[in-house]
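In case you want the letters, here they are:
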Amino acid sequence: MAVLVTPSIARAAPPGVDATEFLMALAEDTYELVAGLDFVSPVLVTSVPGMEEIVWPGTPVVEIPDLSGSALVEAAFTALPYGKQAVLLSGDAPDLPPLLIGKLFRELGRAQIAVCPAAEGGAVAIAAHLPYPGWASVDFDDLDPIKTLRASAPGSRMVARGPGWHRLRAPDDVRLLDPGLEGWDNTRALLSR
């Protein structure tokens, strides 16, 4: 289970909030969500320097080049150090309910790839059997990643859709955070200063 942290996360910082602190808070909260799950091994995949400070000891931090689009997704899956299945979670989803990750793994029981779609387009998380399929060219910000993947899949049942959620991609998106959900403590503290 990997959290993907890229410099673009900082662009969602609301006015008056330091962009670097915002990136670190979101990334740490998203990582903490993954690290607290049973039966998965957390990994942080990043093109942002200094991310080792937000992970628990022993968690692999895999550095990749600063890429975008489908090249970023492919590089992130390819860089994973181990496993037969993986979920790649965008680092800007600090309040994602853990149940949605479990549903993606369940979908991999019948499909090669499963996607947790993001509100207003894109993907929150992409799950795949490893090695990552060569036909699966998709971007986290693709308007309809499921349609894109199904169009390139060699079979009609190779791509599954999981329940959707939201990402923080623009300053106004902090309104989407659910105050009733546990977690996202770092982001909550930073926004309440």
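Look up a bit, the structure's there.
Rules and cut-offs
- Residues numbered from 1 in each chain as written.
- Predicted model: local features only at pLDDT ≥ 70, side-chain atom pairs only at ≥ 80, totals over all residues.
- Heavy atoms only, no water.
- Salt bridge = Lys/Arg side-chain N within 4 Å of Asp/Glu carboxyl O.
- Helix = DSSP H or I, 4+ residues; strand = E, 2+ residues; numbered from the N terminus.
- Buried < 20%, exposed > 50% of the residue type's maximum accessible area, 1.4 Å probe, protein only.
- Pairing = 2+ DSSP bridges.
- Axes fitted to C-alpha atoms, helices over the stretch in contact; angles between N-to-C directions.
- Contact = heavy atoms within 4.5 Å.

Caption draft 1: Main features of the pattern of salt bridges. Evaluated as defined, the whole model comprises six salt bridges. Here Arg169 and Asp141 are joined by a salt bridge, their closest N and O atoms 3.3 Å apart. With a gap of 28 residues between them, Arg169 in the loop between strand S7 (159-161) and helix H5 (185-191) and Asp141 in the loop between strand S6 (123-129) and helix H4 (145-152) connect regions that are remote in the sequence. Looking at Arg169, the relative accessible area reads 28%, which means it is partly exposed. Between Arg175 and Asp172 there is a salt bridge, and its shortest N-O distance comes to 2.7 Å. By relative accessible area, which is 49% here, Asp172 ends up partly exposed. Look at the salt bridges and you will find they share partners, linking Asp92, Asp141, Arg167 and Arg169 into a network.

Caption draft 2: Spotlight on the sheet that holds strand S1 (residues 2-5). Taking strand neighbours across the sheet as the criterion, the seven strands line up as S3-S2-S1-S4-S6-S5-S7 in an open arrangement whose pairing is mixed. On the outer flanks of this sheet lie strand S3 (61-63) and S7, each paired with one strand and no other. The sheet shows a mean angle of 20 degrees between the axes of neighbouring strands, taken without regard to direction. The pairing of strand S5 (residues 113-117) with S7 spans three bridges and is classified as parallel. In the sheet register, Ile113 faces S7, and the bridge partner there is Val159. Across the sheet, helix H2 (residues 69-79) touches S1, strand S2 (43-46), S3, strand S4 (85-90) and S6, and the angle it forms with S4 is around 135 degrees. Where H4 meets the sheet, it contacts S5, S6 and S7, and its direction lies at approximately 160 degrees from that of S7.

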